[in-house]
Amino acid sequence: MKDFLQKEFGFQVRTVKKLNGYDNINYLVQTDSADYILKTYGYDQELFDTLRTENELLNFLSWEGQNNFPKPIPLADREFVKLTEIDDRPTICRLLTFLDGTFLGDVPPTEELFSSLGTFLANLDLRLQHFNSYVLKARQWEWDIQYLHLNKKYLEAIPNPHDRNVVRYFFRQFEENVGPILPELRKQVIYNDANEWNILVKEGKVSGLIDFGDLAYSPLINEVAVALTYVCYDKENPLEWAPIFLKAYHAALPLEDKEVRILYYLIAARLCISVCNSAHAKKASPDNDYATISEGFAWKMLYKWLATGPIAAENVFREAVGMPVEAFKTVEKEIERRHRHLSPIFSLSYTQPISMARAAFQYMYDTRGNAFLDAYNNIPHVGHSHPKVVEAGQRQMALLNTNTRYLYDALPAYAEKLLAKFPPSLNKVYFVNSGSAASDLALRLARAHTGYDTIAVMEHGYHGNTQNTIDISDYKFSNKKGQGQKAHILKVPIPDAYRGKYTDNDGRAGQAYTLEAAVLIKQSPLPVAAFIAEPIVGCGGQVPLAVSYLTGVYEVIRQQGGVCISDEVQTGFGRLGDHFWGYEAQNVVPDIVILGKPMGNGHPMGAVVTTSAIAESFAQGVEFFSSFGGNPVSCAIGLAVLEVIEEENLQENAKDVGDYYQSLFRELQAEYAGIGDVRGAGLFLGVELVKPGSLEPDTALAQRIKNALRDQNILISTDGPYDSVLKTKPPLCFTHDNATLVVESIKEIMKL
Ligand code: PMP
């Protein structure tokens, strides 16, 4: 090596030290008068051309008499890059001057430092505007944000499926938010790799840049995005230093509105490129630590980025560069507009209603930029805007959307996958568009099969908004504004082992409640067609049916010729952790199951699952047709939801995080006598608030907690006959940290 250097560059080499590189090998070369970096690369013609361009660019910069960038040293043939043989392998090599200084990564952050970075980069970009290169224009590669899609091939290398889908989410957001305006963005040659190990610092200010291997002809704003990524990604609060950098950059090279608007997504894109390439590199060569140096920070920041949201980030960026932050309408104005055409019968949550703009996984973002932790909405079961669900819907919508009177694969494919989640006796499915439509249809099936009319319903139960389903919903018909109980309805007491008559929840309470129900059923003047209940009564305040209750009730119902319906609209699809369907916890198999809410992750879907015998009875009647039920788009979405539940092990996560969440609530209960009961399963929990030492509901406290949480950007609701039960049923990607935050916040509120 020394001989080679002597021959090519004509100087006496003192030492040569091998350094680690990302995908090349570098050497520190020391002579008596100066230090150099020898860069070597495996042969590749495209790389050779790019390196030539890189040298041209460095020479272009050095002509201006600066010493901020490495300078290429000519070889014996006066070229700046050469193809040679090292260790019998064709190798490209080039020599650059060594730039001294301290790496930004080794210096504590200061305003002066990040401000100088902004100015330095902007000045570099101003100069690069005059550098033209067809080689760089033709370069399409993974580390150029405009070609983000090239990284999709690395997705499968990311081992954790939820991590993978978070990256997919940001890919999707890039396509939606950046894709359409990409052609409008001003492009130029950019440095494209302002990370903390490429930036040199002297006396508290940025003094130079090394490693020009990522040069790109790309939208200028990508330069800013890359630099910002590394300004933010290792900080506790990622947005803390961003404004200082941005302000300085903008002062030297003003940014445009449309550029600032997409920065959030570009930064996310850069983080995705980083984690994709780390995952790929790790898979390809598990021992190369260099490739994965920044991976931990990148993942942490991607998750913090989700918890921050695009609107908050944009507001910070806009303020930094003095662009007006979008004026939002006052909530009062929005309410007034809404009420012009919508009846106040539609309620709004919270004393201060929220004007929502976006959502991602377990976060929702309002129009002002607040990011809310969603501990409440169970409809976005696998997470808000889940990319797999969104993609499935968009793709199918662009191909075919029709109805069940035609043949298409999505229908049986989805039916097969869904029914595989049930025992063999439940092998027929009807697709509809809501839980209400499913409940309504379930009643029709039961009546057609039994020939009876009477329905036995659960106290405080809720099953839908149609007339028939209101009739079976005590929660509605017994409300003081309700229509009252109809003659064909038989109401049985809720088997509540906390607040009810029987509280030994080891099976004894369940049996006692069963006996009470049995008496009522037997006393019914007409036979009961169906008994309908949720396994955990949501509107009753998340009340799990007392242990072993259903076994006895189902037996009594069947004995007198009726069928048993389980409403799994809230409890189904793995939310309860231990079981995919709530009825499984009671060791029974219903005759009819109702599905809804989480089934389409927000896309309107419902279904009724039943036995062949019941389906046969129903088939004797008029045709059943639903214009939208079971359409290809819904089937594709439903299928994606089931796949994501499996891929991300969401049932297991519901169990794991749910148990932890419940244990935190129990610890809180031990401290506060105002918490009467903690109940539920998995990520379907209820916390009942009472006046200490009694069963008297503390509705005021429940409301205070709910609204105070909302003010701390946490969404939770209240329910139950006294509206005194905190109800939490978050998307199943909820984490331990999310659970801790909710319970810690409640604790602080209860202290007041
Ligand atoms: N059953 C239960 C248990 C529900 O909670 C709901 C909705 N809250 C329904 C049925 C009705 O579903 P949808 O609102 O989709 O009609």
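Please refer to the structure placed before this passage.
Residues numbered from 1 in each chain as written. Predicted model: local features only at pLDDT ≥ 70, side-chain atom pairs only at ≥ 80, totals over all residues. Heavy atoms only, no water.

Asker: Which residues make up the sheet that holds strand 25 (residues 684-689), and what values go with them?
Answerer: One key point about sheets: their strands pair by backbone hydrogen bonds, in either a parallel or an antiparallel sense. Pairing is antiparallel across the open sheet formed by 4 strands, whose spatial order is 24-25-28-27. Two strands lie at the open edges of the sheet, namely strand 24 (675-681) and strand 27 (717-719), each paired on one side alone. On average, each strand axis in the sheet is inclined to that of its neighbour by 25°, with strand direction left out of account. Note: strand 24 against strand 25, 6 bridges, orientation antiparallel. Counterpart to I675 in the pairing with strand 25 is L689. Sheet contacts for helix 23 (residues 699-711): strand 25, strand 27 and strand 28 (725-728); angle to strand 27, the most-contacted strand, approximately 160°. (Pairing = 2+ DSSP bridges. Helix = DSSP H or I, 4+ residues; strand = E, 2+ residues; numbered from the N terminus. Axes fitted to C-alpha atoms, helices over the stretch in contact; angles between N-to-C directions. Contact = heavy atoms within 4.5 Å.)

Asker: Go over the site of the ligand with me, naming the residues and quoting the values.
Answerer: Inspection of the region around the ligand gives S434, G435, S436, Y462, H463, G464, E534, D567, V569, Q570 and K597 as its neighbouring residues. In the model, an oxygen atom of the ligand is placed 2.7 Å from a nitrogen or oxygen of the Q570 side chain. Interatomic distance of 2.9 Å between a side-chain N/O atom of K597 and a nitrogen atom of the ligand. Against a free-state accessible area of 390 Å², the protein chains account for coverage of 84% of the ligand. (Near = heavy atom within 4 Å. Polar contact = N/O pair within 3.5 Å; in protein donor to acceptor, adjacent residues only side chain to side chain. Areas by Shrake-Rupley, 256 points an atom, 1.4 Å probe, with all protein chains shown as cover.)

Asker: I'd love a proper account of the sheet that holds strand 15 (residues 428-432), names of residues and values included.
Answerer: Read across the open sheet, the 7 strands follow the order 15-23-22-21-18-16-17; overall the sheet is mixed. What marks the edges here is a single partner per strand, and that holds for strand 15 and strand 17 (489-492). If you compare each strand with its neighbour and ignore which way they point, the axes differ by 20° on average. Across the sheet, helix 14 (residues 410-419) is in contact with strand 15, strand 22 (592-595) and strand 23 (606-610); its angle to strand 15 comes to roughly 120°. Strand contacts of helix 15 (residues 435-450): strand 15, strand 16 (454-458), strand 18 (528-533), strand 21 (563-567), strand 22 and strand 23, with the helix running at about 165° to strand 22, the strand carrying the most contacts.

Asker: Got a sec to walk through the packing of aromatic side chains? Specific residues and values, please.
Answerer: Considering all chains together, one arrives at 30 aromatic pairs under this definition. When the centroid spacing of 5.4 Å and the interplanar angle of 45° are considered together, the rings of Y661 and F734 count as tilted. Linking Y661 in helix 22 (residues 650-671) with F734 in the loop between strand 28 and helix 24 (736-751), this pair joins segments that are 73 residues apart in sequence. Each member of the pair, Y661 as well as F734, carries the same accessibility label: buried. An aromatic cluster of at least three residues, connected via ring pairs, comprises Y169, F170, Y264, Y265, W305 and F361. Note that K137 overlies the ring of Y217, its terminal NZ or CZ placed 5.0 Å from the centroid. K153 extends its terminal NZ or CZ atom over the ring of Y154, reaching a point 4.8 Å from the ring centre. (Phe/Tyr/Trp six-rings, centres within 6.5 Å; stacked < 30°, edge-to-face > 60°. Buried < 20%, exposed > 50% of the residue type's maximum accessible area, 1.4 Å probe, protein only. Lys NZ or Arg CZ within 6 Å of the ring centre and 35° of its normal.)

Asker: Kindly report on the packing of helix 3 (residues 111-128) against helix 7 (residues 242-252), identifying the contributing residues and their values.
Answerer: The contact between helix 3 and helix 7 brings their axes to 7 Å, and the two run at 35°. Seen along the crossing, helix 3 lies across helix 7 with a hand that is right-handed. Only I244, F245, A248, Y249 and A252 of helix 7 make contact with helix 3, whose side of the interface consists of E111, F114, S115, L117, G118, T119, L121, A122, N123, D125 and L126. Looking at the contact of helix 3 with helix 7, its residues break down into 10 nonpolar, 4 polar and 2 charged. (Left-handed = near helix turned anticlockwise from the far one by under 90°. Nonpolar A, V, L, I, M, F, W, Y, C, P; charged D, E, K, R; others polar.)

Asker: Pulling in residues and values, what's your account of unusual backbone geometry?
Answerer: Residue E203 is not a glycine yet carries a positive backbone phi of 50°. Along the polypeptide, E203 turns up in the loop between strand 9 (199-202) and strand 10 (205-209). Despite not being glycine, N601 has its phi angle at roughly 55°, a positive value.

Asker: Explain the nonpolar core residue by residue, including any values.
Answerer: Ranked by internal contacts, the top residues of the largest apolar core, which has 188 residues, are F317, F531 and Y661. Looking at which element gives the most residues to this core, the answer is helix 9 (residues 263-284), with 13 residues. Setting aside residues up to four positions removed in sequence, F531 forms contacts with A456, M458, V492, Y549, L550, V553, Y554, I557, V563, C564 and I565. Counting residues in hydrophobic clusters, the runner-up holds 25 residues, among them A446, I489, A530 and V563. (Core = buried A, V, L, I, M, F, W, Y, C linked by side-chain atoms within 4.5 Å.)

Asker: Summarise a nonpolar patch on the surface; cite the residues concerned and give the values.
Answerer: Residues L342, I345 and F346 make up a contiguous nonpolar surface patch of roughly 340 Å² in combined accessible area. Inspection of the secondary structure puts I345 in the loop between helix 12 (331-341) and strand 12 (356-360). Overall, the relative accessible area of 74% leaves I345 in the exposed class. (Patch = residues over 30% accessible without salt bridge, like charges linked within 9 Å, V, L, I, M, F, W, Y side chains within 5 Å. Salt bridge = Lys/Arg side-chain N within 4 Å of Asp/Glu carboxyl O.)

Asker: Any details on the side chain of K729? Residues and values, ideally.
Answerer: Within the secondary structure layout, K729 lies in the loop between strand 28 and helix 24. There is no salt bridge for the buried K729, and the closest opposite charge comes from D719, which lies 6.7 Å off by N-O distance. Apart from residues lying up to four places away in sequence, K729 is in contact with A375, Y376, N377, N378, Q570, R575, L683 and F684. (Lys, Arg positive; Asp, Glu negative; His and termini not counted.)

Asker: Explain the environment of I494 residue by residue, including any values.
Answerer: Residue position: I494 is located in the loop between strand 17 and helix 18 (508-523). You can call I494 buried: its relative accessible area is 8%. Each residue touching I494, except ones within four places of it in the same chain, is listed here: M458, E459, H460, Y513, V537 and V543.

Asker: I'd love a proper account of helix 1 (residues 2-9), names of residues and values included.
Answerer: Spacing of three or four residues puts side chains on the same side of an α-helix, whose turn is 3.6 residues. Of the positions making up helix 1, those classed as buried are F4, L5, E8 and F9. Projected onto a plane normal to the axis of helix 1, the buried residues spread over an arc of 95° and lie on a single side. The exposed residues of helix 1 that point more than 90 degrees off its buried face are D3 and K7. Those residues of helix 1 hidden inside the fold are in contact with strand 1 (13-19), strand 2 (25-31), strand 3 (35-42), strand 4 (72-73), strand 5 (82-86) and strand 6 (89-97). One or two residues past the end of helix 1 sits G10, with phi positive at roughly 75°. (Arc of directions from axis to C-beta.)

Asker: I'd like a rundown of the packing of helix 5 (residues 161-177) against helix 13 (residues 387-399), residues and numbers included.
Answerer: In contact at an axis separation of 8 Å, helix 5 and helix 13 are set at 50° when each is read in the N-to-C sense. Of the possible angle classes, the one that applies to helix 5 and helix 13 is oblique. From helix 5, N165, R168, Y169, R172 and E176 reach across to helix 13, where they touch P387, K388, V390, E391 and Q394. Taken together, the residues that form the contact of helix 5 with helix 13 break down as 3 nonpolar, 2 polar and 5 charged. (Parallel < 35°, antiparallel > 145°, perpendicular 65-115°, else oblique.)

Asker: Any details on the pairing of strand 6? Residues and values, ideally.
Answerer: Counting buried residues along strand 6, 7 of its 9 residues qualify, which places the element largely inside the surrounding structure. Looking at chain direction, strand 3 and strand 6 are connected through 7 bridges and run antiparallel. Residue pairing across strands places I37 opposite L96, the latter belonging to strand 6. Here strand 4 pairs with strand 6 via 2 bridges, running antiparallel. Note on strand 6: the bridge partner recorded for P72 is L96. Pairing geometry for strand 5 and strand 6, over 5 bridges, is antiparallel.

Asker: Describe helix 21 (residues 632-647), and please don't skip the residues or the numbers.
Answerer: Taking 1.5 Å per residue as the helical rise, helix 21 with its 16 residues ought to reach 22 Å, and the 22 Å between its terminal C-alpha atoms agrees with that figure. Buried residues dominate helix 21, accounting for 13 of its 16 residues. Two or three places before V633, at the opening of helix 21, N631 has a side-chain oxygen 2.9 Å from that residue's backbone nitrogen. (Expected span 1.5 Å × (residues − 1).)

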